[in-house]
Amino acid sequence: MGSCGTWAWQELLVLLSSVWLWVGSAQPTPPGPTHAPGPQLKFRLAGYPRKHNEGRVEVFYNDEWGTICDDDFTLANAHVLCRHLGFVAATGWAHSAKYGKGVGRIWLDNVNCAGGEKSIGDCKHRGWGNSDCSHEEDAGVICKDERIPGFKESNVIETEQSHVEEVRLRSVVSGARRQLPVTEGIVEVRYKDGWAQICDEGWNSQNSRVVCGMMGFPAEKKVNRNFYKLASKSQPKQKRREDVGSKKRLFTERQQLNYRLHSVSCTGTEVHLSMCAFEFYRGNASAACGAGMPAVVSCVPGPLFATGNAHKKKQRQQQQGQPRIRLKGGAKVGEGRVEVLKSSEWGTICDDRWNLLSASVVCRELGFGSAKEALTGARMGQGTGPIHINEVQCLGTEKSLWSCPFKNITQEDCKHTEDAAVRCNIPYMGYENLETWYWDASNVTEMVLSGVKCAGHEMSLSHCQHHGSSLNCRNTGTRFAAGVICSETASDLLLHAPLVQETAYIEDRPLHMLYCAAEENCLSSSARLANWPYGHRRLLRFSSQIHNNGRADFRPKAGRHSWVWHECHRHYHSMDIFTHYDILTPNGTKVAEGHKASFCLEDTECEEDVAKRYECANFGEQGITVGCWDLYRHDIDCQWIDITDVKPGNYILQVVINPNFEVAESDFTNNAMKCNCKYDGHRIWVHSCHIGDALSEEANKRFEQYPGQLNNQIS
């Protein structure tokens with residue numbers, strides 16, 4: 001017993017001595033003040049083309065490799081990173097993913113080093129994993145080709161021999177018969193200026209699942225390897241004897257196979273092939289893969305990308321039940337804030353422990369591939385309503401997010417500034433190169449579309465409603481050529497529904513106080529026949545508080561040089577119609593209406609740490625800042641619906657913001673608010689107010705079939 005104790009003390013002393021020596025060595029130390037990640041922090045250079053002392057910087061933190069955003073990047077940052085990698089200093093740095101786009105998390109953003117820090121974690125930054133960048137902004141460094149004397153090789157310096165950047169599926173179907181998306185083909189990886197194949201010895205369904213996920217497909221299926229064996233062994237003479245009219249004719253490109261990878265072993269949960277275990281062929285690989293053939297995969301497309309009658313039938317079957325998960329607020333297909341349906345109400349997910357495994361389960365469940373990015377910090381805008389779940393911990397094999405472990409939370413545990421979002425891999429459909437629009441129309445030779453009306457979810461203008469071959473402006477030259485300005489971000493307006501419910505009341509307002517309102521068309525048409533200035537109009541009044549939860553400020557479409565001055569109310573109108581107010585019967589028939597011109601778009605109040613930017617005083621700039629709201633009080637003109645002619649009954653109060661889509665928003669489906677109301681001819685009860693897409697389809701049907709309220713007790 002005593003000898004064991006002596007041995008333990010000796011071992012402890014040796015351990016403490018080694019720790020002291022490690023701290024005092026030339027090796028960079030872990031970050032200090034900003035969430036120190038500990039000794040597991042590693043760095044590597046990746047990308048192509050590059051030399052051994054340059055490349056995209058990748059950081060290993062929290063058991064996951066990720067990149068650094070180039071926002072505010074400086075040479076001082078590069079000095080610190082190059083020392084992490086064992087080089088004495090940096091000679092330059094690169095922005096905009098010069099060495100290719102990385103995968104996984106973007107660990108650091110807005111890094112600001114002085115240059116003398118021992119660790120990148122000691123520099124100022126937004127916090128680990130807190131970024132508003134995409135991988136198109138991955139930073140790279142060029143280090144001086146001189147090593148730090150005695151530097152321990154604890155960090156990883158990737159060479160072009162040990163990293164996979166790009167992967168593709170090469171279809172062997174004849175080009176004339178080829179359809180997009182390509183769902184089956186030979187797996188190839190980028191090598192130098194060309195493409196190389198993967199030996200399929202030991203290839204399994206988990207490997208295929210990873211490749212399909214990268215290509216934008218949710219699942220893989222079994223492939224007929226014998227077919228590809230025959231195709232690869234066919235000779236040109238045999239091909240000439242084939243029936244040239246056969247619709248099933250296939251071809252194999254006449255090129256010598258160039259194998260690059262072998263012994264690929266994935267678990268099936270990786271989001272990129274580079275995250276799997278594999279080996280490279282070294283030296284001359286012309287005789288490689290003797291007993292195998294190129295790896296081939298076949299993928300199952302999601303409903304949005306499926307073609308053919310069988311797929312459409314399956315799609316209709318899937319759509320019979322409402323999904324319990326959706327993406328909102330994204331600028332493109334396959335990205336957005338993750339929202340889940342619980343207790344008939346849509347809500348968001350808190351981003352605590354949100355990662356690529358959970359994000360990939362969401363993407364695949366929605367019919368996309370694996371996740372490109374797991375976004376935190378409300379990168380796709382803030383949601384409304386409840387935050388349903390937190391700390392989602394998927395393994396990556398689950399069929400649905402609801403099968404993953406998670407915590408039920410209350411609103412106090414998380415805020416909507418922590419809403420989780422995803423960017424999913426989607427298939428290449430060829431639409432990216434179809435449409436290019438310019439403001440300068442001098443090079444337009446003909447009109448190809450007119451009468452275009454899109455819902456917003458289409459993947460191409462050709463999918464939208466349009467006049468077809470009956471063009472309206474075929475011979476007008478360039479005068480009516482359409483143009484666009486594109487942006488990666490947009491505003492997102494939402495009405496605060498509870499405030500409408502709390503402030504609604506009826507006022508009988510004398511006609512002699514409504515001359516200005518009549519001039520601005522804020523009364524029903526029957527008001528023109530009234531005995532002015534005698535009598536009154538019955539008005540349903542309420543306050544409306546309009547929040548901007550998007551990622552860009554909401555600005556009027558027209559500049560202030562074109563705003564219209566209204567002498568009666570002595571204010572400017574920056575938008576002719578900003579909101580529609582309607583009273584509808586349960587079957588949707590409009591019985592009363594009002595509208596609100598945006599005479600003053602300003603920041604009435606803002607969230608904590610958000611500064612007001614817009615105010616109407618002194619002909620100031622108008623708009624609503626992200627994180628702020630504009631309040632129209634119930635006691636101002638036109639903040640009402642004229643219900644003088646409405647008979648007693650059960651109705652729906654509907655408010656629609658930006659009804660004519662004059663200003664771009666990331667999400668128009670949440671611009672409408674509905675309330676149940678019962679009017680007995682003297683009083684009105686307004687309740688169950690909610691944003692139009694906040695409830696399940698079943699709950700919305702119950703809402704629209706509302707039979708009316710029997711008393712003033714709302715159950």
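Position numbers for residues start from 1 in each chain and track the written sequence from start to end. Predicted model: local features are reported for residues with pLDDT of at least 70 only, side-chain atom pairs are reported and counted for 80 or more only, and whole-chain, interface and lining totals are derived from all residues. Each side-chain value is worked out from all heavy atoms of the structure, with water and hydrogens disregarded.

## Concerning the overall build of the protein
Helical segments are the DSSP runs of H or I of at least four residues, strand segments are the runs of E of at least two, and each set is numbered from the N terminus. Scanning the protein for helices and strands turns up 10 helices and 34 strands. Looking at the 715 residues of the protein, the share that counts as buried comes to 47%. A 1.4 Å probe and the Shrake-Rupley method give the accessible areas. Residues count as covered only by the protein chains that appear here. Surface summary for the protein: the accessible area is close to 36800 Å², and the carbon and sulfur share equals 51%. Only protein chains enter the accessibility calculation, which uses a 1.4 Å probe; a residue is then buried when its area is under 20% of its type maximum, exposed when over 50%, and partly exposed in between.

## Focus: the nonpolar core
Put simply, buried Ala, Val, Leu, Ile, Met, Phe, Trp, Tyr and Cys residues joined by side-chain atoms within 4.5 Å make one nonpolar core. Core analysis: the largest hydrophobic core is formed by 33 residues, its most contacted members being Phe578, Leu653 and Met673. Sorting the residues of this core by element identifies strand S21 (493-495), helix H8 (497-503), strand S27 (579-584), strand S32 (649-657), strand S33 (672-679) and strand S34 (684-691) as the ones contributing at least two each. Not counting the four nearest positions on each side in its chain, methionine 673 is found in contact with Leu495, Ala497, Val500, Leu653, Gln654, Val655, Cys689, His690, Ile691 and Gly692. Counting residues in hydrophobic clusters, the runner-up holds 26 residues, among them Val164, Ile198, Val210 and Leu273. What makes two residues a contact is simply this: any of their non-hydrogen atoms within 4.5 Å.

## Digging into helix H3 (residues 205-215)
Here H3 lies mainly inside the structure; 9 of its 11 residues are buried. Looking only at H3, the buried set comprises Asn207, Ser208, Arg209, Val210, Val211, Cys212, Gly213, Met214 and Met215. Where H3 is buried, its residues touch strand S7 (167-170), strand S8 (184-191), strand S10 (219-221), strand S11 (259-265), strand S13 (296-300) and helix H7 (356-365). Just past H3, the residue glycine 216 takes up positive phi, approximately 100°.

## Some remarks on the pattern of salt bridges
Counted as salt bridges are all cases of a side-chain nitrogen of Lys or Arg within 4 Å of a carboxyl oxygen of Asp or Glu. In the structure shown here, the tally under the stated rule is 26 salt bridges. Through salt bridges with shared partners, a single network forms among Arg44, Arg56 and Glu58.

## With respect to empty space enclosed by the protein
Throughout, the protein atoms alone are placed on a 1 Å grid, and a set of points is a cavity if a 1.4 Å probe fits but cannot get out or a pocket if it is open with protein on both sides within 12 Å along at least five of seven lines; lining residues have an atom within 4 Å of a point. Grid points are joined across faces, edges and corners, and a volume is the space filled by probe spheres set on the points. Tallied over the full model, the rule gives 4 cavities of 30 Å³ or more. Of the voids in this model, the second largest cavity is the one considered here, and its volume is about 70 Å³. Sort the elements by how many residues they give to the lining of the second largest cavity and strand S17 (residues 371-375) lands first, with 3 residues. Taken together, the residues of the lining of the second largest cavity break down into 3 nonpolar, 4 polar and 3 charged. Classes in brief: Ala, Val, Leu, Ile, Met, Phe, Trp, Tyr, Cys and Pro nonpolar; Asp, Glu, Lys and Arg charged; the others, Gly included, polar.

## Thoughts on the environment of glutamate 391
Along the polypeptide, glutamate 391 turns up in the loop between strand S18 (387-390) and strand S19 (407-408). Under the relative-accessibility criterion, glutamate 391 is labelled buried at 18%. Linking glutamate 391 and phenylalanine 406, residues 15 residues apart in sequence, is a C-alpha distance of 5.4 Å. Within the structure, glutamate 391 has its side chain in polar contact with the side chain of lysine 407 (distance 3.4 Å). N or O atoms closer than or at 3.5 Å make up a polar contact, with two conditions inside protein: a donor-capable atom paired with an acceptor-capable one, and, for residues adjacent in sequence, both atoms drawn from side chains.

## Observations regarding the layout of surface pockets
Taken as a whole, the second largest pocket spans an internal volume of roughly 800 Å³. As for the second largest pocket, its lining consists of 36 residues, of which Gly383, Thr384, Gly385, His416 and Asn549 are closest to the centre. The greatest single-element share of the lining of the second largest pocket, amounting to 4 residues, is contributed by S34. For the lining of the second largest pocket, the per-class residue count stands at 12 nonpolar, 13 polar and 11 charged.

## Description of the sheet that holds strand S30 (residues 628-632)
Remark on secondary structure: sheet strands pair via backbone hydrogen bonds, oriented parallel or antiparallel. A pair of strands counts as paired when DSSP detects no fewer than two bridges linking them. Across the sheet, which stays open at both edges, the 4 strands sit in the order S21-S24-S30-S29 with antiparallel pairing between neighbours. The open sheet has two free edges, formed respectively by S21 and strand S29 (605-606), since each of these has just one partner strand. Sheet analysis places strand S24 (residues 544-548) next to S30, joined by 4 bridges and oriented antiparallel. Residue pairing across strands places histidine 547 opposite tryptophan 629, the latter belonging to S30.

## Quick notes on the environment of histidine 52
Structurally, histidine 52 can be placed in the loop between strand S1 (42-46) and strand S2 (54-61). For histidine 52, a relative accessible area of 43% translates into the label partly exposed. The sequence separation of histidine 52 and aspartate 145 amounts to 93 residues, and the corresponding C-alpha distance is 8.6 Å.

## Some words on the pairing of S33
As defined by bridge partners, S32 adjoins S33 across 8 bridges and the pair is classed as antiparallel. Each residue of the ladder has a partner; that of asparagine 650, found in S33, is lysine 678. Of the pairings in the sheet, the one linking S33 to S34 comprises 6 bridges and is antiparallel in character. Each residue of the ladder has a partner; that of methionine 673, found in S34, is isoleucine 691. What sits between S33 and S34 in their antiparallel hairpin is a turn of 4 residues, with glycine 681 showing a positive phi close to 95°.

## A few points about the packing of aromatic side chains
The pairing test for Phe, Tyr and Trp rings, Trp by its six-membered ring, is centres within 6.5 Å, and the orientation test on the planes gives stacked under 30 degrees, edge-to-face over 60, and tilted for anything in between. As enumerated under the stated definition, the model contains 13 aromatic pairs in all. Relative to phenylalanine 406, the ring of tryptophan 402 lies with its centre 5.9 Å away and its plane at 80°, an arrangement referred to as edge-to-face. Classification of phenylalanine 406 as partly exposed rests on a relative accessible area of 27%. These aromatic residues form a ring-pair network of at least three members: Tyr61, Trp107 and Trp128. Charges are assigned to positions over rings by a cutoff of 6 Å between ring centre and Lys NZ or Arg CZ, combined with an angular limit of 35 degrees from the ring normal. We note arginine 324 situated over the ring of tryptophan 402; from NZ or CZ to the ring centre the distance is 4.1 Å. The aromatic ring of tryptophan 346 is capped on one face by arginine 326, whose charged end is 4.1 Å from the ring centroid.

## Looking at the sheet that holds strand S31 (residues 640-642)
Read across the open sheet, the 3 strands follow the order S22-S23-S31; overall the sheet is antiparallel. With one partner strand each, in any of the chains shown, strand S22 (505-510) and S31 form the two edges of the open sheet. Strand-to-strand twist in this sheet, taken as the mean axis angle between neighbours without regard to direction, amounts to 35°. Sheet analysis places S22 next to strand S23 (residues 536-541), joined by 6 bridges and oriented antiparallel. Bridge pairing in S23 places glutamate 507 opposite leucine 539. Only C-alpha atoms enter the line fits that serve as axes; for helices the fit covers just the stretch in contact. Angles between N-to-C directions range over 0 to 180 degrees.

## Quick notes on the confidence of the model for the protein
Summarising the model, the protein shows a mean pLDDT of 79, and 79% of its residues fall at 70 or more. Each residue carries a pLDDT score, the predictor's own confidence in it, on a scale running from 0 to 100. Long-range and interchain partners of residues 234-255, a stretch whose pLDDT sits below 50, account for 26 contacts in this model, where long-range means more than four residues apart.

## Section: the state of the cysteines
Criterion for a disulfide: a pair of cysteine sulfur atoms at a distance within 2.5 Å. Counted by the stated rule, this structure contains 13 disulfides. Summary of cysteine pairing: cysteine 677 is not part of a disulfide, and the nearest cysteine sulfur, belonging to cysteine 675, is at 7.5 Å.

## Digging into the side chain of threonine 503
Within the secondary structure, threonine 503 sits in helix H8. What threonine 503 contacts, discounting residues up to four positions off in sequence, is Arg541, Phe542 and Ser543.

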